Amino acid sequence: MSRIPLIAGNWKMYKTGPEAVETAMELAGLCSDVRDVEVMIAPTYLSLPLVAASIKDTDVKLGAQNLYFEKQGAFTGEVSADMIKAAGAEYVIIGHSERRQYFGETDSLVFKKIKSAIEAGLKPVLCIGETGKQKDEEKTFTVLDKQVSDGLKGFGLDELDDLVLAYEPVWAIGTGKTADTGQVNEVHQYLRSLLEKLFSKDFSHRTRILYGGSVKPENAKDLMGIEDVDGALVGGASLDANKFINIIKYNK
Ligand code: PGA
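Since the model is a prediction, treat every value here as computed from it, not as a measurement.

What counts as what
Residues numbered from 1 in each chain as written. Predicted model: local features only at pLDDT ≥ 70, side-chain atom pairs only at ≥ 80, totals over all residues. Heavy atoms only, no water. Axes fitted to C-alpha atoms, helices over the stretch in contact; angles between N-to-C directions. Helix = DSSP H or I, 4+ residues; strand = E, 2+ residues; numbered from the N terminus. Left-handed = near helix turned anticlockwise from the far one by under 90°. Contact = heavy atoms within 4.5 Å. Nonpolar A, V, L, I, M, F, W, Y, C, P; charged D, E, K, R; others polar. Salt bridge = Lys/Arg side-chain N within 4 Å of Asp/Glu carboxyl O. Buried < 20%, exposed > 50% of the residue type's maximum accessible area, 1.4 Å probe, protein only. Pairing = 2+ DSSP bridges. Patch = residues over 30% accessible without salt bridge, like charges linked within 9 Å, V, L, I, M, F, W, Y side chains within 5 Å. Areas by Shrake-Rupley, 256 points an atom, 1.4 Å probe, with all protein chains shown as cover. Lys, Arg positive; Asp, Glu negative; His and termini not counted. Charge placed at Lys NZ, Arg CZ, Asp CG, Glu CD. Near = heavy atom within 4 Å. Polar contact = N/O pair within 3.5 Å; in protein donor to acceptor, adjacent residues only side chain to side chain. Core = buried A, V, L, I, M, F, W, Y, C linked by side-chain atoms within 4.5 Å.

Enquirer: Tell me about the packing of helix 1 (residues 17–30) against helix 11 (residues 241–248), residues and numbers included.
Expert: Orientation of helix 1 relative to helix 11, taken along the N-to-C sense of each, is 40 degrees, at an axis distance of 9 Å. When the axes of helix 1 and helix 11 are compared, the crossing they make is right-handed. From helix 1, T23, E26, L27 and L30 reach across to helix 11, where they touch A241, N242, F244, I245 and I248. Tallied by class, the residues present in the contact of helix 1 with helix 11 amount to six nonpolar, two polar and one charged.

Enquirer: Outline the pattern of salt bridges, supporting the account with residue identities and numerical values.
Expert: Per the counting criterion, the structure on display carries 22 salt bridges. Ionic pairing is found between K146 and D107, a salt bridge with its closest N-O pair at 3.2 Å. You can see K146 sitting in helix 7 (residues 140–152) and its partner D107 sitting in helix 5 (residues 107–120), a full 39 residues away along the chain. Of the residues examined, D107 reaches a relative accessible area of 11% and is grouped as buried. With a shortest N-O distance of 3.3 Å, D150 and K153 are connected by a salt bridge.

Enquirer: Summarise the environment of D36; cite the residues concerned and give the values.
Expert: Along the polypeptide, D36 turns up in the loop between helix 1 and strand 2 (38–42). Expressed as a C-alpha distance, the spacing of D36 and I4, which sit 32 residues apart in the sequence, is 6.2 Å. Once residues within four sequence positions are removed from consideration, D36 is found in contact with I4 and P5.

Enquirer: I'd like a rundown of the sheet that holds strand 2, residues and numbers included.
Expert: Strand order in the closed barrel made by the eight strands is 1-2-3-4-5-6-7-8, with parallel pairing throughout. Shown here is a sheet whose adjacent strand axes are inclined to one another by a mean of 25 degrees, direction ignored. Pairing of strand 6 (residues 164–167) with strand 7 (residues 208–212), which is carried by four bridges, proceeds in the parallel orientation. The residue of strand 7 that forms the bridge with Y167 is Y211.

Enquirer: Residue-level account of a negative patch on the surface, with values.
Expert: Taken together, the side chains of E19, E22, E26 and D240 make up a negatively charged region of the molecular surface. For E22, the position within the fold is in helix 1.

Enquirer: So what's going on with the environment of L109? Residues and values would help.
Expert: With respect to the element layout, L109 can be found in helix 5. For the pair L109 and K197, spaced 88 residues apart in sequence, the C-alpha to C-alpha distance is 23 Å.

Enquirer: So, the site of the ligand: which residues are in play, and what are the values?
Expert: Contacts to the ligand come from 13 residues, most closely from K12, H96, E168, G174 and S214. Taking G236, its main chain carries an N or O atom lying 2.8 Å from an oxygen atom of the ligand. In the complex, the protein chains occlude 95% of the 280 Å² of accessible area that the ligand would expose alone. Of the residues assigned to the shell around the ligand, the class counts are four nonpolar, seven polar and two charged.

Enquirer: Would you mind going over unusual backbone geometry in detail, with residue names and values included?
Expert: Positive phi is not limited to glycine here, since E138 has a value of about 60 degrees. If you trace the backbone, E138 turns up in the loop between helix 6 (132–136) and helix 7. For S214, which is not glycine, the phi dihedral falls at a positive 55 degrees. Structurally, S214 is set in the loop between strand 7 and helix 10 (217–224).

Enquirer: Lay out the nonpolar core in plain terms, naming residues and giving numbers.
Expert: Counting residues in hydrophobic clusters, the biggest one holds 69 residues, and the most contacted among them are I7, L27, L152, L191, Y211, F244 and I248. Beyond its immediate chain neighbours, meaning those up to four positions away, L27 contacts V39, I41, V60, A241, F244 and I248. Grouped together as the second largest cluster of nonpolar side chains are 12 residues, M40, Y91, V164 and L233 included.

This is the structure we're talking about:
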């Protein structure tokens, strides 16, 4: 079964609206000859409608970095899945380690967010990953097992058609340290078998599992060459269109 790789850029809290539009348009131009790889960028909420308009007729997809699970209401400062969808996004990143670390997001909150994303017709990118301490204590698989099980438990298979999983070891995010290919391979194989155990073989085979954490043009080919790696979630190196395109074109 072939899984089309997804290379996603998480722009975090970088770029004003005009800056985001400029990079998005530059990237879309560079991507005009990209085939067989899906490209997505996730700017801040404020830039979503602007970037949506600027990439409208291109193959570059749009994602948000977060959402709030309620449909609407007195939740000052929050943004709902429907609002994100109406702004032109197709994807939404959920449970990023920075959200878990700085904003106290728990697996049960992540579950609610995934549910509201699915209900709004957004494709959720569920981020999971162990911290450096958890890795040193050899708890990687236990942590991942809990994040995946608690984040997804209760969903029917028909609801998870568009789910993307992103394995991002926290110690590799923004640090320049990347997990070596052997480690990545082992974890991705584990995640694939976990999806099989929790859902079904067919589901585990068709669900894309991205790798994230200091992915750069220099290491993209090796990482993307791993059988169970179906793309990348890229932070720092996605901010510059010329750098990001070299990750997107890892096979060239
Ligand atoms: P990084 O971030 O590529 O800058 O390490 C990845 C991420 O946080 O998704």
